[in-house]
Amino acid sequence: MTPAATLDSGAGIGPIALMSKTDKPVTTPAGLAAAGLIPPDELGRLEAVAARYAVSITPAMAELIDPADPADPIARQFVPDARELVTAPGESADPIGDTRHSPVPGLVHRYPDRVLLKVVGMCPVYCRFCFRREMVGPEQGAPLSEAEQSAALAYVRERPEVWEVILTGGDPFVLSPRRIAEITSALSAIPHVQVLRWHTRVPVVDPQRVSDELVAALRSTAQAVWVAVHANHPRELTPAARGACARLVDAGIPLVSQSVLLRGVNDDPDTLGALMRAFVACRIKPYYLHHGDLAPGTSHLRTTIAEGQQIVRRLRGRLSGLCQPTYVLDIPGGAGKVPIGHCHVHPSEAPGDYCLEASDGGRHSYRESVGDQEQLAKSRPLDPGSP
Ligand code: SF4
């Protein structure tokens, strides 16, 4: 399979040319109107949104949108909305604090054993809820220059505690297979890096880009390679997307999922459950369900945490354990990711006594029984404030 036109370097990069059986990506409000994805009278208002935040919808995603449905869950993710110009209290340009943890350009070192390497800031689609929306786009998203990439690799090389490198962006799968192979090879030469994890939306939004060449470029003889696939609605897992995921898995690359809980897209147990089952059917292990970050102009797409907990709790009772993601929130400012799902274990006063909540809401007492009774008498549930 021939890949689409690709990105090789930071200099002289044109628009990402996407190969599709239909047309080109739609990147302007005028293009959206021409494609029937917005009413013409919205054009003026949406020009102002597009002037601030990048717009792109691939043919694969445009084909999934039902223009007659004003609440279409695919459109909601990619078609700009005038509400994006309203910044709600608490929203910020860098909601998860990347900048605070960035010692060299393109690299984020937030946790001891892993770093993010943001190799490119462009994407085949621009999601309206993106937490890096102020940093991605055709204008500001050029790939790291050679010098920047060398400095980032030197940073990793000098830190033996870095066990995993997460390649992200933007979407790193917009890079050419040649550039991806170079990155794989450079990281393979760092012995303490044991895992390469690529974060991408490409297998779903532009599945033809997952070519044999791209798959070969990802493979490393020195490290385990994982791919985290981002999708938010079961309709996104089209036959073509399933084929792209199969090409990766069949090449020995394990897949995990990432999704964002989005109002009007997947904020009900039926839709979210169908998405998780579709992932597992594609051999993608559900990994993270992200609570919406406080990115500017995204409040209309966020749920409350309480709503998220209710939805996730209902999945627990209905779906196979394989289909359960961890519901997480990135603490604003950069303190990291924490699980925020409903807690099913409630300690009682007496050491070793607990109340366990079943998935149907029923409460059951549980008394621990261990060989060392002295140890049990001393045991205390973890103090939420302890490190
Ligand atoms: S693909 Fe990822 S990085 Fe790109 S706009 Fe969507 S959420 Fe943001």
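Residues numbered from 1 in each chain as written. Predicted model: local features only at pLDDT ≥ 70, side-chain atom pairs only at ≥ 80, totals over all residues.

Moving on, we come to the overall build of the protein chain. Scanning the protein chain from terminus to terminus reveals 12 helices and 12 strands. Whereas a compact globule of 387 residues would reach a radius of gyration of roughly 21 Å, the protein chain reaches 22 Å, a difference of no more than 12%. Principal axes of the C-alpha set define a box for the protein chain whose edges measure 70 × 50 × 40 Å. Within the protein chain, the fraction of its 387 residues that count as buried is 39%. Contacts spanning at least 24 positions in sequence make up 76% of the contacts within the protein chain whose residues lie at least 6 apart. (Helix = DSSP H or I, 4+ residues; strand = E, 2+ residues; numbered from the N terminus. Rg over C-alpha atoms; globule rule 2.2 N^0.38 Å. Buried ≥ 20, exposed ≤ 12 C-beta atoms within 10 Å, placed from the backbone. Contact = placed C-beta atoms within 7 Å.)

Let us now look at the nonpolar core. Residues Y126 and V165 are the most contacted members of the largest nonpolar core, which totals 90 residues. Per-domain counts for this core show at least three residues from each of domain 1 (29–85) and domain 2 (99–339). When residues no more than four places from it in sequence are discounted, the contact partners of Y126 are Y53, A54, V55, S56, V136 and G137. (Core = buried A, V, L, I, M, F, W, Y, C linked by C-beta atoms within 7 Å. Domains from an automatic or database assignment.)

Attention shifts here to the domain arrangement of the protein chain. Assigned domains of the protein chain: these are domain 1 (29–85), domain 2 (99–339) and domain 3 (345–378). Placing a centre on the C-alpha atoms of domain 2 and another on those of domain 3 gives a separation of 37 Å.

Attention now moves to the site of the ligand. Within the structure, the ligand sits among C123, V125, Y126, C127, C130, R132, V136, G169, G170, D171, R201 and H230. For the shell around the ligand, the class distribution of residues is 6 nonpolar, 3 polar and 3 charged. (Near = placed C-beta within 6 Å. Nonpolar A, V, L, I, M, F, W, Y, C, P; charged D, E, K, R; others polar.)

Attention now moves to the packing of helix α10 (residues 269–281) against helix α11 (residues 305–318). The geometry of α10 relative to α11 is characterised by a closest axis approach of 9 Å and an angle of 55° between their N-to-C directions. In terms of orientation, α10 lies oblique with respect to α11. Handedness of the α10/α11 crossing: right-handed. Every residue of α11 that contacts α10 at P269, L272, G273 and M276 is listed here: I311, R314, L315 and R318. In the contact of α10 with α11, the residues fall into 5 nonpolar, 1 polar and 2 charged. (Axes fitted to C-alpha atoms, helices over the stretch in contact; angles between N-to-C directions. Parallel < 35°, antiparallel > 145°, perpendicular 65-115°, else oblique. Left-handed = near helix turned anticlockwise from the far one by under 90°.)

Locating L237 in the fold gives a position in the loop between β5 (224–230) and α9 (239–250). Linking L237 and P203, residues 34 residues apart in sequence, is a C-alpha distance of 9.1 Å.

Going from G169 to G170, the amide bond is cis rather than trans, its omega being 10°. Looking at where G170 falls in the secondary structure, it is placed in the loop between β3 (164–168) and α6 (177–188). Although it is not a glycine, R283 sits at a positive phi angle of roughly 65°. Mapped onto the elements, R283 comes out in the loop between α10 and β7 (284–290). Residue class for R283 comes out partly exposed when judged on the 14 C-beta atoms lying within 10 Å of it.

Take the sheet that holds strand β10 (residues 345–347) next. Each strand in a sheet pairs with its neighbour through backbone hydrogen bonds, running either in the same direction (parallel) or in the opposite one (antiparallel). The strand order β10-β11-β12 describes an open sheet built from 3 strands, whose pairing is antiparallel. Of all strands in the sheet, those with a lone pairing partner are β10 and β12 (363–367), marking the two edges. Across the sheet, the axes of successive neighbouring strands diverge by a mean angle of 30°, strand direction being ignored. Where strand β11 (residues 353–357) meets β12, 5 bridges bridge the pair, whose relative direction is antiparallel. Residue pairing across strands places Y354 opposite Y366, the latter belonging to β12. (Pairing = 2+ DSSP bridges.)

One open sheet accounts for 9 strands, arranged β1-β2-β3-β4-β5-β6-β7-β8-β9; its pairing is mixed. Lying at the two open borders of the sheet, with one neighbouring strand each, are β1 (107–111) and β9 (336–339). When the angles between neighbouring strand axes are averaged without regard to direction, this sheet yields 30°.

Residues at a pLDDT of 70 or more form 93% of the protein chain, whose mean pLDDT is 92. Within the model, pLDDT remains below 50 along residues 1–6, and this stretch shows 18 contacts once partners closer than five positions in the same chain are excluded. (pLDDT = per-residue confidence, 0-100.)

Moving on to the pairing of β9. Summarising the sheet, strand β8 (residues 326–331) and β9 pair through 4 bridges and their orientation is antiparallel. Residue pairing across strands places V328 opposite P339, the latter belonging to β9. The hairpin formed by β8 and β9 contains 4 residues between the paired strands, and G333 there has a positive phi angle of roughly 100°.

Right, let's talk about the pairing of strand β6 (residues 255–260) for a bit. Pairing analysis gives 4 bridges linking β5 to β6, with the strands arranged parallel. Paired with A228 across the bridge in β6 is V256. Taking the sense of rotation as the criterion, the β-α-β connection linking β5, α9 and β6 turns out right-handed. Considered for its hand, the β-α-β crossover made up of β6, α10 and β7 is right-handed. (Right-handed = clockwise from strand over helix to strand, strands pointing away.)

Compared with an ideal rise of 1.5 Å per residue, which puts 12 residues at 16 Å, α9 spans 16 Å between its outermost C-alpha atoms and is within 8% of the ideal. Along α9, the positions that sit buried rather than exposed are A241, A244, C245 and L248. End-on view of α9: buried residues confined to an arc of 95°, all on one side of the axis. Opposite the buried face of α9, at more than 90 degrees from it, the exposed residues are P239 and D250. Next to the buried residues of α9 lie α7 (202–205), α8 (212–218), β5, β6 and β7. One or two positions beyond α9, positive phi appears at G252, with a value near 90°. (Expected span 1.5 Å × (residues − 1). Arc of directions from axis to C-beta.)

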